[in-house]
Amino acid sequence: MNTTPDRDGPPRQLLVAILLWWVVAALVVVRVAGMWLDRAEMPARLVRQGAVVPEHAAQRAWELLTLNTAVQVLFVLVYCATTLLIRKRRPWARIVLTVCGLLHLVVTMSAGISNLPLAVGLVAALVLLWWPVSGEWLTGEHD
């Protein structure tokens, strides 16, 4: 049994960043599932908020639900795919992940304080992704 550490493997900071991206993706999936479970209340909530007249509430709720689901699923797919590419030492994947993460952070914070755990996860993952040892490993010599 080989007990020597893998010196070519990613640094701990990068592994934690990857784990955080997967946690963020899981949180997004849970939030989307929650939206779908609460979809019957959405038209009434839109009317109470004055966002739509009652006649159009059901249609608008459906549009918002499907659009939000599509956007969130896109974020999840990008996070999962790019973290796998980062493990394969593809430096450009870090840029893609950063752009999507920052965009997601803006969207998340514009939706209110209830999204604070998701925002904290995004910020922590972004910081660790750009930690100096993470960058050195990603951009260093490799096959």
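Residues numbered from 1 in each chain as written. Predicted model: local features only at pLDDT ≥ 70, side-chain atom pairs only at ≥ 80, totals over all residues. Heavy atoms only, no water.

Peer 1: I'd like to hear about the packing of aromatic side chains, residue by residue, with values.
Peer 2: Applying the stated rule across the entire model yields 3 aromatic pairs. On the basis of an interplanar angle of 45 degrees and a centroid distance of 4.9 Å, the ring pair of tryptophan 21 and tyrosine 79 is categorised as tilted. With tryptophan 21 in helix α1 (residues 12-37) and tyrosine 79 in helix α3 (residues 57-87), the pair connects residues that are 58 residues apart, well separated along the chain. The same class applies to tryptophan 21 and to tyrosine 79, which are both buried. Judged by relative accessible area, which is 0%, tyrosine 79 ranks as buried. The ring of tryptophan 137 has arginine 89 sitting right over it, with the charged end atom 4.5 Å from the ring centre. When the ring centre of tryptophan 130 is taken as reference, the NZ or CZ atom of arginine 94 above it lies at 3.6 Å. (Phe/Tyr/Trp six-rings, centres within 6.5 Å; stacked < 30°, edge-to-face > 60°. Helix = DSSP H or I, 4+ residues; strand = E, 2+ residues; numbered from the N terminus. Buried < 20%, exposed > 50% of the residue type's maximum accessible area, 1.4 Å probe, protein only. Lys NZ or Arg CZ within 6 Å of the ring centre and 35° of its normal.)

Peer 1: Which residues make up helix α5 (residues 116-129), and what values go with them?
Peer 2: Helix length check: α5 (14 residues) gives 20 Å between terminal C-alpha atoms against 20 Å at 1.5 Å per residue, within 8%. Within α5 the residues assigned to the buried category are Leu118, Ala119, Gly121, Leu122, Ala125, Leu126, Leu128 and Leu129. Buried residues along α5 sit against α1, α3, α4 (91-110) and α6 (132-139). (Expected span 1.5 Å × (residues − 1). Contact = heavy atoms within 4.5 Å.)

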